[in-house]
Amino acid sequence: MAIEETETQVILSHPSDSSTNVTILKYGATVFSWKLYGQEQLWLSTAAKLDGSKPVRGGIPLVFPVFGKNESDPLLSKLPQHGLARNSTWEFLGQVKSNPPTVQFGLNPKLSNPEMTKLWSEDFNLILTVELGSDYLKTEIEVENLSSSKELKFNWLFHTYLKIPDIEDTMISNLVGMKLYDQLLKESFVDKHPCVTFHGEKDVIYQNVEADRVIQVVNQGKPVHTVKRVNLPDSVVWNPWIEKSGGMGDFEPKTGYKEMVCVEPGHVHDFVVLSPGEKWTAAQILSKDELKYQAIQ
Ligand code: BG6
């Protein structure tokens, strides 16, 4: 069967090859496994909680309505780091297509974690569409402002944990020449390195990355992941390295930082602002494409 629903999760298998499949936890509508021809593409901590007691450490947690911990916005600063979507149980809305298998999940203030809506009481509707292609995984979000009088202001981000063979042999291409904000140095500058490499903790936000720039994760010269973005101008690149992952109780094994990198397409440098009744959509498409180096424009 192409789509299987249990009490806590939904599994889609591709009709042409059932070893290509995706598993989505209703809690957070978190994709926590995506296998392409039997090979896992996403990193998941062996200590990740899949019981709804905390956001999943791995897979693709959803970040809404705030990225990180906002310190200044009168409404959003009340919410915990990365907002309420990843720690609320979404409603499974069902299947919308059988090939490629496509399903939807919904979240609104009534379904959201009440601890969070006490802190941020805006009126919104989210629809996440997960489409399993034979050689790609597309996650698309629609945000609607349900208020008839107030603007809705938010960040969105797909917090994608990609599985890689070894961080020290890994680079990320096609971000050269982009402006970034380094969250560790608390500084903005233009990245002049020909590619992103990893020698320690990294936590940077590439801003306004041109829409047609294809971000690729390359291991020992081979492209292992391709990340395409629709309507998501920013991209966070994160690896916690030894000390930071050592301090995270749900990050296991402790050597796991070697086998993951987060490439997180989002709209986080500034907010999306929707007028009453307005909708916004954006998507991430993960695949394994040929290597494509793009020149600086
Ligand atoms: C990244 C942030 O998106 O998420 C990092 O850039 C943060 O600063 C990381 O440490 C993990 O966040 P959390 O809340 O899942 O531990």
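Residues numbered from 1 in each chain as written. Predicted model: local features only at pLDDT ≥ 70, side-chain atom pairs only at ≥ 80, totals over all residues. Heavy atoms only, no water.

Some thoughts on the overall build of the chain
When its secondary structure is counted, the chain shows two helices and 22 strands. The C-alpha atoms of the chain give 18 Å as radius of gyration, which agrees with the globular expectation for 297 residues (19 Å, within 12%). Projecting the C-alpha coordinates of the chain onto the three principal axes gives extents of approximately 50 × 50 × 40 Å. Sorting the 297 residues of the chain into buried and exposed places 55% on the buried side. Sequence separation of at least 24 residues holds for 66% of the intrachain contacts in the chain that already meet a minimum separation of 6. Distance between charge centroids for the chain: 2 Å, based on 29 positive and 38 negative side chains. (Helix = DSSP H or I, 4+ residues; strand = E, 2+ residues; numbered from the N terminus. Rg over C-alpha atoms; globule rule 2.2 N^0.38 Å. Buried < 20%, exposed > 50% of the residue type's maximum accessible area, 1.4 Å probe, protein only. Contact = heavy atoms within 4.5 Å. Lys, Arg positive; Asp, Glu negative; His and termini not counted. Charge placed at Lys NZ, Arg CZ, Asp CG, Glu CD.)

What to know about the pairing of strand β20 (residues 234-239)
On a regular strand, one side chain projects to one face of the sheet and the next to the other, so that they alternate. Along β20, six of the six residues are buried, which leaves the element largely enclosed by surrounding structure. Residue alternation in β20 divides its side chains into two sets, D234, V236 and W238 and S235, V237 and N239, and both sets are buried. Examined bridge by bridge, strand β17 (residues 202-206) and β20 share five bridges and lie antiparallel to one another. For K202, the partnering residue across the bridge sits in β20 and is N239. Sheet topology places β20 next to strand β21 (residues 260-274); five bridges connect them, and they run antiparallel. The residue bridging V237 from the neighbouring strand is V263, located in β21. (Pairing = 2+ DSSP bridges.)

Brief notes about the UniProt feature "binding site: substrate" (unreviewed entry) in the chain
Under the UniProt annotation, the feature "binding site: substrate" (unreviewed entry) is placed at R57, Q81 and R86. The named residues occupy 30 residues along the chain; their greatest pairwise C-alpha distance, 13.8 Å, places them in one compact cluster. Narrowing the list just given to those that line the largest pocket leaves R57, Q81 and R86. For Q81, the residues in contact, after removing those within four places along its chain, are G68, K69 and R86. (UniProt positions renumbered as here; feature names shortened; annotations may be inferred. 1 Å grid on protein atoms, 1.4 Å probe; cavity = no way out; pocket = protein on both sides within 12 Å on 5 of 7 lines; lining within 4 Å.)

Section: the site of the ligand
The local shell around the ligand consists of R57, F67, Q81, H82, R86, H159, Q183, D203, V236, W238, K244 and E264. At 3.1 Å from an oxygen atom of the ligand is found a side-chain nitrogen or oxygen belonging to H82. Here an oxygen atom of the ligand and a side-chain polar atom of Q183 are 3.1 Å apart. For the ligand, whose accessible area on its own is 390 Å², the fraction buried by protein is 89%. With respect to the pocket detection grid, the ligand is positioned in the largest pocket. Taken together, the residues that form the shell around the ligand break down as three nonpolar, four polar and five charged. (Near = heavy atom within 4 Å. Polar contact = N/O pair within 3.5 Å; in protein donor to acceptor, adjacent residues only side chain to side chain. Areas by Shrake-Rupley, 256 points an atom, 1.4 Å probe, with all protein chains shown as cover. Sits in = over half its atoms within 2 Å of the grid points. Nonpolar A, V, L, I, M, F, W, Y, C, P; charged D, E, K, R; others polar.)

As for the pattern of salt bridges
As enumerated under the stated definition, the model contains eleven salt bridges in all. Put simply, K153 and D73 hold a salt bridge, and the shortest N to O gap is 2.5 Å. With a gap of 80 residues between them, K153 in strand β11 (residues 152-158) and D73 in the loop between β6 (62-63) and β7 (91-97) connect regions that are remote in the sequence. In this structure, K138 and E140 form a salt bridge, with 4.0 Å as the shortest nitrogen-oxygen distance. (Salt bridge = Lys/Arg side-chain N within 4 Å of Asp/Glu carboxyl O.)

Some details on the environment of L93
Relative to the elements of secondary structure, L93 occurs in strand β7. Here L93 falls in the partly exposed class, since its relative accessible area comes to 42%. With ten residues separating them in the primary sequence, L93 and V103 have C-alpha atoms 7.3 Å apart. Setting aside anything within four residues of it in sequence, one finds L93 in contact with Q104, F105, G106 and I127.

A closer look at the layout of surface pockets
When its volume is computed, the largest pocket comes out at roughly 810 Å³. In terms of lining residues, the largest pocket is bounded by 35 residues, among which F67, G68, K69, H82 and Q183 are the most central. Counting only elements with at least two residues in the lining of the largest pocket, the list comes to β17, β20 and β21. The element that contributes the greatest number of residues to the lining of the largest pocket is β21, accounting for four residues. Partitioned by chemical class, the residues of the lining of the largest pocket number 14 nonpolar, ten polar and eleven charged. When its volume is computed, the second largest pocket comes out at roughly 230 Å³. Residue lining of the second largest pocket: 18 residues in total, with D182, H193, T197, K202 and V204 positioned closest to the centre. Those elements giving two or more residues to the lining of the second largest pocket turn out to be β14 (179-182), β16 (196-197) and β17. Classifying every residue of the lining of the second largest pocket gives nine nonpolar, four polar and five charged. (Points joined across faces, edges and corners; volume = space filled by probe spheres on them.)

Overview of the confidence of the model for the chain
Residues at a pLDDT of 70 or more form 99% of the chain, whose mean pLDDT is 97. Both confidence scores are given for the complex: pTM 0.98, ipTM 0.98. (pLDDT = per-residue confidence, 0-100.)

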